[in-house]
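Here is how the chains run, residue by residue.
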Amino acid sequence: MAAPTGILRATLRKDLRLEWRSKDAINSMLFFSLLVVVVFSFSFDPNAEESRSIAGGLIWVAFLFAAVVALNQTWARELRNQVLDAYRVSPAPANSLFLAKAIGNFIFVSVLEGLMTPLFVIFYQLRALGPAWQLLVVAALGTWALVVNGTFFAAMSIRTRSREIMLPLLLFPISIPALLAMVQATAAILTGEGARFWIVLLVTYDLVFTTVCLLLFETVLNAE
Amino acid sequence: MPETAPVITVTNLIKQFGRFAALRGVTAEFSAGKFYAILGDNGAGKTTLLRTLAGLNHPTRGEVSIIGSKNFREICTEVGYMAHPSLLYDEMSGMENLSYFAQLYGIRDAARCGTVIRSVGLDPDLSRPVGQYSQGMRQRMSLARALLNNPKILLLDEPFSNVDIHSAVEMVRLLAHVRDEGKTIFVVTHQATLLEHAADEFVWMDAGKIVARTREFKLAEGAR
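A brief look at the structure comes next. Since the model is a prediction, treat every value here as computed from it, not as a measurement.

1. Re the packing of helix H1 (residues 4-22) of chain A against helix H3 (residues 94-104) of chain B
In step 1: Remark: H1(A) packs on H3(B), axes separated minimally by 9 Å, with the N-to-C direction vectors making an angle of 160 degrees. By the angle between their directions, the pair H1(A) and H3(B) is classed as roughly antiparallel. With respect to the hand of their crossing, H1(A) and H3(B) are arranged in left-handed fashion. Of the residues in H3(B), those in contact with A:Gly6, A:Ile7, A:Ala10 and A:Lys14 of H1(A) are B:Tyr100, B:Gln103 and B:Leu104.
In step 2: When its residues are assigned to classes, the contact of H1(A) with H3(B) shows 4 nonpolar, 2 polar and 1 charged.

2. Side note on the pairing of strand E8 (residues 201-206) of chain B
The two faces of the sheet receive side chains in turn, since in a regular strand these alternate between them.
Residues and elements named next belong to chain B.
In step 1: Where strand E3 (residues 35-40) lies against E8, 5 bridges are found, and the strand directions are parallel. The residue bridging glycine 40 from the neighbouring strand is methionine 205, located in E8.
In step 2: Relative to strand E9 (residues 209-214), E8 runs antiparallel, the two being bridged by 5 bridges. Opposite aspartate 206, over in E9, you have lysine 209 as the bridge partner.
In step 3: The antiparallel pairing of E8 with E9 creates a hairpin that spans 2 residues between the two strands, and alanine 207 there sits at a positive phi of about 50 degrees.

3. Focus on the pairing of strand E5 (residues 79-82) of chain B
Residues and elements named next belong to chain B.
In step 1: Neither face of E5 is left uncovered, since the one carrying Val79 and Tyr81 and the one carrying Gly80 and Met82 both have all their residues buried.
In step 2: Relative to strand E6 (residues 153-157), E5 runs parallel, the two being bridged by 4 bridges. Each residue of the ladder has a partner; that of tyrosine 81, found in E6, is leucine 155.

4. Digging into the sheet that holds strand E4 (residues 61-66) of chain B
Hydrogen bonds between backbone groups are what pair the strands of a sheet, and the pairing can be parallel or antiparallel.
Residue and element names in this part refer to chain B.
In step 1: With respect to topology, 3 strands assemble into an open sheet ordered E2-E1-E4, the strand pairing being antiparallel. Taken across any chain shown, the strands that pair with only one partner, and hence form the sheet edges, are strand E2 (20-31) and E4. Taking each pair of neighbouring strands and ignoring which way they run, the sheet shows an average axis angle of 15 degrees.
In step 2: Taken together, the 5 bridges between strand E1 (residues 6-17) and E4 define a ladder with antiparallel strand orientation. Looking at E4, one finds that isoleucine 8 is bridged to isoleucine 66.

5. Some points on the sheet that holds E9(B)
Residues and elements named next belong to chain B.
In step 1: Read across the sheet, 6 strands follow the order E5-E6-E7-E3-E8-E9 without closing on themselves; strand pairing throughout is mixed. Only two strands of the sheet have a single neighbouring strand rather than two, namely E5 and E9. For this sheet the average axis-to-axis angle between neighbouring strands, irrespective of direction, equals 15 degrees.

6. So, the packing of helix H2 (residues 24-43) of chain A against helix H5 (residues 94-123) of chain A
Residue and element names in this part refer to chain A.
In step 1: Put simply, H2 and H5 touch, their axes get as near as 10 Å, and they point 20 degrees apart. Taken together, the axis directions place H2 and H5 in an arrangement best described as roughly parallel. In this structure, H2 meets H5 at a crossing whose hand is right-handed. Taking contact as the criterion, the partners of Ala25, Ile26, Met29, Leu30, Ser33, Val37 and Ser41 in H2 are, on H5, Phe108, Val111, Leu112, Leu115, Met116, Leu119, Phe120 and Phe123.
In step 2: Among the residues forming the contact of H2 with H5, the class breakdown is 13 nonpolar, 2 polar and no charged.

7. Let's talk about helix H4 (residues 112-119) of chain B
All names here are of chain B.
In step 1: Taken as a whole, H4 has its buried residues at Cys113, Val116 and Ile117. Buried positions in H4, seen along its axis, are confined to an arc of 105 degrees and lie on one side of it.
In step 2: Tucked into the core, H4 has its buried residues touching H3 and helix H5 (135-147).
In step 3: Just past H4, the residue glycine 121 takes up positive phi, approximately 85 degrees.

8. Overview of the environment of B:Gly94
Residue and element names in this part refer to chain B.
In step 1: Looking at the element boundaries, glycine 94 is found in helix H3.
In step 2: Judged by local crowding, glycine 94 falls into the buried class, with 29 C-beta atoms found within 10 Å.
In step 3: Here the alpha-carbon distance between glycine 94 and glycine 33, two residues 61 residues apart in the chain, equals 28 Å.
In step 4: Non-local contacts of glycine 94, meaning those with residues more than four positions away in its chain, are made with Ile117, Leu122, Leu126, Val130 and Met141.

Calculation rules
Residues numbered from 1 in each chain as written. Chains lettered and ligands numbered in written order. Predicted model: local features only at pLDDT ≥ 70, side-chain atom pairs only at ≥ 80, totals over all residues. Axes fitted to C-alpha atoms, helices over the stretch in contact; angles between N-to-C directions. Helix = DSSP H or I, 4+ residues; strand = E, 2+ residues; numbered from the N terminus. Parallel < 35°, antiparallel > 145°, perpendicular 65-115°, else oblique. Left-handed = near helix turned anticlockwise from the far one by under 90°. Contact = placed C-beta atoms within 7 Å. Nonpolar A, V, L, I, M, F, W, Y, C, P; charged D, E, K, R; others polar. Pairing = 2+ DSSP bridges. Buried ≥ 20, exposed ≤ 12 C-beta atoms within 10 Å, placed from the backbone. Arc of directions from axis to C-beta.

By themselves, these are just geometric observations and shouldn't be taken as functional.
Quick look at the structure:
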């Protein structure tokens, strides 16, 4: 039997290849986020000082909604032609599939963030007064918080009839502590205040929910 | 009753979906190295029986023992499963699909994928994505995926549907050859005449039960 890390790499490579060919998730996320940036910039006309306070909320809410689009695509691919059954009858461990999917989604959402952040900076005239490198830490921890739970709940909702509705209903309430930490940490860094508490909260959240998802995923995968 | 030691033993198997009982107390033994055709009308429980043998459905009651094990995970490398849908990624070529599944089974022989693709009469160098294959080609590639791990037991659900008669006859010839190598084959089909001279036993199901097991197709037909 192949090593779990080998299966993880093979599944991740396969998902990246499928996304590269179809561009389903990236295109949907990009257009959605672009619309949010433009609509918000017309709706609000903040000065530089106000922007620093509200930008954290705007950015993360935009990325959260966009991430849901990618998360729904993740398992939709496995349902077409019931390919997931081929994985279930194989000796491959469930957690290799879960981690590959979560890492794949992390890459997709990170690419989106990399492309959209400059637009946010331009539209909202953002300049960090605190240490800007900490924004990268918050982005990485926050994105992982969204995708690890999102991948798990998307897997839970694939067999439900209204899975596009079910995913946000399950994901958003449980993401509130992470979202709060991401928004507060971003605002604190932009306004020059300390973000240490919020970063520690994000690390704790990520550790707890990654562990819980890994413990429960096999049950979710093999549920009828 | 089997002439050799049973490779699969099913004891009082009941499978319910809500209030609907798809299998109503199936008890049977199946010998190693035999070719079984599972026949019956729509809703007779053929696919449910096959999915339960493949570990995809969990029995509501009763037991399934495969190669002496009641835990499917222990023997999953010995089972090949082909479903009605292709269990293949439409965006990838046949070779890319099989290379991915080979990694799930820890198959290190790089030539194995090409060998099984050729064995079902397809060209391993075909670079077209599976989504652009004809239905018959897709079925044959799906059979190649089921044969990939060189399983002792092959579970095939409607392998000949939408396959032209010439290709179907070729597939039956291949399956008979696989049986002659000592493997046990289960084929759920509505095209039983194709198996008239290839199958060793015809297993008739009706209303979630096995109602007849005969060596000759005509007798089995009479048993309905």
